[in-house]
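For reference, the chains in residue letters:
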Amino acid sequence: MLTNEFKGIRLSRLGFGAMRLPVTGSDAACIDEKQVDQMVDYLLSHGVNYFDTAYPYHGGMSEKVIGRSLSRYPRESYYLATKYPGHQISQSYDPKAVFEEQLEKCGVEYFDFYLLHNVYENSIQVYKDGRWGILDYFVEQKRLGRIRHLGFSCHGGIDTLRDFLDYCGGQMEFCQIQLNYLDWTLQEAKEKYELLTERGVGVWVMEPVRGGRLAALSEKEKEALHTLRPDETSVAWAFRFLQGLANVKMILSGMSDLEQVRENVETFSEERPLTQVEQKALLEIAEGMKDSIPCTACRYCCDGCPKGLDIPMLIATYNEIRFSPAINVAMRLEALPDEKKPAACIGCGKCAKICPQKIDIPAAMKGLAEEVAKLPSWAEICRQREEAARKMKS
């Protein structure tokens, strides 16, 4: 198993993400614990030592199941990570109550790694709000030894990431971002990676295969890669891309069955960095996937917009949501005031007249508004999760 050094410890480069555990039916809270135990056994026996869960995963059951499965092993034989749910919409936030509950659910006295969950354009205000004292509380838990390493995950844009790093003043040791060869440009992952590296913050990767999308390449795409490496799977290509980034210390995979576990462990059993030719081929495939609106972010369109919309940002969001609708995209737009959302466009066409790329910008704003309307709001998702958690407790 390939490993990385981080703060004096050896981490397996592959980590087990417990967001997509096997279930016994349609209810996400009904986890197949027998199968989870088999997966955990295989991972530990093959050198994987990092396990990542979170407070809301699987209706609140992921922490319990992972904790029970790992409790069969000596505490020092694995590293356990979980997260504080400050991203969830609530009337108030009590980090102490949640943290104590998480320790009990996982059956441990400390967490090796602890994250502030999903810092994005809305939740950053929760994490910075002095009423809740979230950062101060977890910094103190680290001082007490109940947290060994403190970090955060982020689905926000580069400006939000920079803002939060500035706010934390060097207290964050690592940051978990969505990083893969598609989002390298689609979600500014390259810029985020470079910013974190510049700040001396270790990079943890989530969604390395884009929720499975990069495992399901077209025949043409697979053939292009097969010509270069006949023995590599599509999934392995995605992992190899990440293995070439020196500051990527942890790559999390949400494995759902034992076969996925075996395949991923095999990929991480040896170093096979991509050549420049191979990396270029992979990024060309990523560009071909986008079918994107060709905005160059020249911002000519913004000068005359009577609503003052950030049109390049909105078009970039539309490109992303057209490729793969995702709640984190909708969350970023929800954080905007109503007068800055795509639905605020009045269709005057001034932007389209000045656009060097001849983009029908009013049509793009209308299309984005329609796509966002199809997605559930973050408030509704939080409500559904809270309801699932109440049912579990009852």
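Here, every reference points to the structure presented above.
Reading the values: rules and limits
- Residues numbered from 1 in each chain as written.
- Predicted model: local features only at pLDDT ≥ 70, side-chain atom pairs only at ≥ 80, totals over all residues.
- Heavy atoms only, no water.
- Helix = DSSP H or I, 4+ residues; strand = E, 2+ residues; numbered from the N terminus.
- Rg over C-alpha atoms; globule rule 2.2 N^0.38 Å.
- Buried < 20%, exposed > 50% of the residue type's maximum accessible area, 1.4 Å probe, protein only.
- Contact = heavy atoms within 4.5 Å.
- Axes fitted to C-alpha atoms, helices over the stretch in contact; angles between N-to-C directions.
- Parallel < 35°, antiparallel > 145°, perpendicular 65-115°, else oblique.
- Nonpolar A, V, L, I, M, F, W, Y, C, P; charged D, E, K, R; others polar.
- Arc of directions from axis to C-beta.
- Pairing = 2+ DSSP bridges.
- Phe/Tyr/Trp six-rings, centres within 6.5 Å; stacked < 30°, edge-to-face > 60°.
- Core = buried A, V, L, I, M, F, W, Y, C linked by side-chain atoms within 4.5 Å.
- Left-handed = near helix turned anticlockwise from the far one by under 90°.

J.: Would you mind showing me how to read the overall build of the protein here?
T.: Tallying secondary structure elements over the protein gives 18 helices and 10 strands in all. The C-alpha atoms of the protein give 21 Å as radius of gyration, which agrees with the globular expectation for 394 residues (21 Å, within 12%). The proportion of buried residues among the 394 residues of the protein is 52%. For the protein, long-range pairs separated by at least 24 residues make up 76% of all intrachain contacts whose partners lie at least 6 apart in sequence.

J.: What should I look at first to understand the packing of helix α3 (residues 95-106) against helix α5 (residues 134-143) in this one?
T.: The relative placement of two packed helices comes down to the angle between their axes together with the axis-to-axis distance. Interhelical geometry of α3 versus α5 gives an angle of 40° and a closest axis separation of 10 Å. Between α3 and α5, the angle falls in the class oblique. Across from P95, K96, F99 and E100 in α3, the residues of α5 making contact are I134, Y137, F138 and Q141. The residue makeup of the contact of α3 with α5, split by class, is five nonpolar, one polar and two charged.

J.: Any chance you could explain helix α6 (residues 158-168) here in plain terms?
T.: For α6, the full list of buried residues reads I158, T160, L161, F164, L165 and C168. Relative to the axis of α6, the buried residues are bounded by an arc of 160° and lie together on one face. Once α6 ends, the next one or two residues include G169, with phi positive near 55°.

J.: Sorry, what's going on with the sheet that holds strand β4 (residues 50-52) here?
T.: The strands making up a sheet associate through backbone hydrogen bonding, with each pair oriented either parallel or antiparallel. Here eight strands make up a closed barrel; going around it, the order is β3-β4-β5-β6-β7-β8-β9-β10 and the pairing parallel. On average, adjacent strands in this sheet sit at an angle of 30° to one another, irrespective of strand direction. Relative to strand β9 (residues 202-206), strand β8 (residues 174-178) is paired through five bridges, and the arrangement is parallel. Note that in β9 the partner of Q176 across the bridge is W204. The sheet contacts of α6 involve β6 (111-119), β7 (147-154) and β8, and relative to β7 the element is tilted by about 150°.

J.: Looking at this structure, how should I read the packing of aromatic side chains?
T.: Here the distance between the centres and the angle between the planes together describe a pair of aromatic rings. Tallied over the entire structure, the rule returns 26 aromatic pairs. Ring centres of F6 and W204 lie 4.9 Å apart, and the angle between their planes is 75°; this geometry places the pair in the edge-to-face category. In this pair, F6 is assigned in strand β1 (residues 3-6) and W204 in strand β9, connecting sequence segments 198 residues apart. When its relative accessible area of 5% is taken as the criterion, F6 is described as buried. Judged by its relative accessible area of 0%, W204 is buried. Consider the rings of Y50 and F113, whose centres lie 5.2 Å apart with planes at 65°: the pair is edge-to-face.

J.: Explain the environment of V265 to me, please; I cannot follow it from the model alone.
T.: As for its placement among the helices and strands, V265 is situated in helix α11 (residues 258-267). Residue classification places V265 among the buried residues on the basis of a relative accessible area of 6%. Taking the C-alpha atoms as reference points, V265 and Y42, separated by 223 residues in sequence, lie 9.1 Å from one another. Those residues within four positions of V265 in sequence are excluded, and the remaining contacts are M1, L14, Y42, L43, H46 and V48.

J.: What exactly am I supposed to notice about the nonpolar core here?
T.: A general trend in soluble globular proteins is that nonpolar side chains are found buried together. F138, F152 and L179 are the most contacted members of the largest nonpolar core, which totals 85 residues. Excluding anything up to four places from it in sequence, L179 contacts W184, A189, Y193, V203, V205, M206, E207, P208, L242, L245 and V248. Of all hydrophobic cores here, the second largest spans 19 residues; its members include C302, C305, L309 and I321.

J.: Before we go on, may I ask you to explain the environment of Y137 in this structure?
T.: As for its position among the elements, Y137 is in helix α5. Counting along the chain gives 81 residues from Y137 to S218, while the straight-line C-alpha distance between them is 48 Å. In this structure, Y137 is in contact with P95, K96, F99, E100 and R146, ignoring residues within four places of it in sequence.

J.: Can you walk me through unusual backbone geometry in this structure?
T.: Excluding glycine, a negative phi dihedral is what most residues carry, and trans is how most peptide bonds are arranged. Backbone geometry at E207 places phi at a positive 55°, although glycine is not the residue there. Position of E207 relative to the elements: it lies in the loop between β9 and α9 (219-228). Of note in this structure, K358 is not a glycine but carries a positive phi near 60°.

J.: Quick question: what am I supposed to make of the packing of helix α1 (residues 33-45) against α11 here?
T.: One way to put it is that α1 packs onto α11 with a least axis distance of 9 Å and a crossing angle of 15°. On the basis of their axis angle, the class for α1 and α11 is roughly parallel. Crossing angle aside, the handedness with which α1 passes α11 is right-handed. Residue-level contacts link Q35, Q38, M39, Y42 and L43 of α1 to L258, V261, R262 and V265 of α11. Within the contact of α1 with α11, the residues separate by chemical class into six nonpolar, two polar and one charged.

Don't take any of this as a statement about function, it's just geometry.
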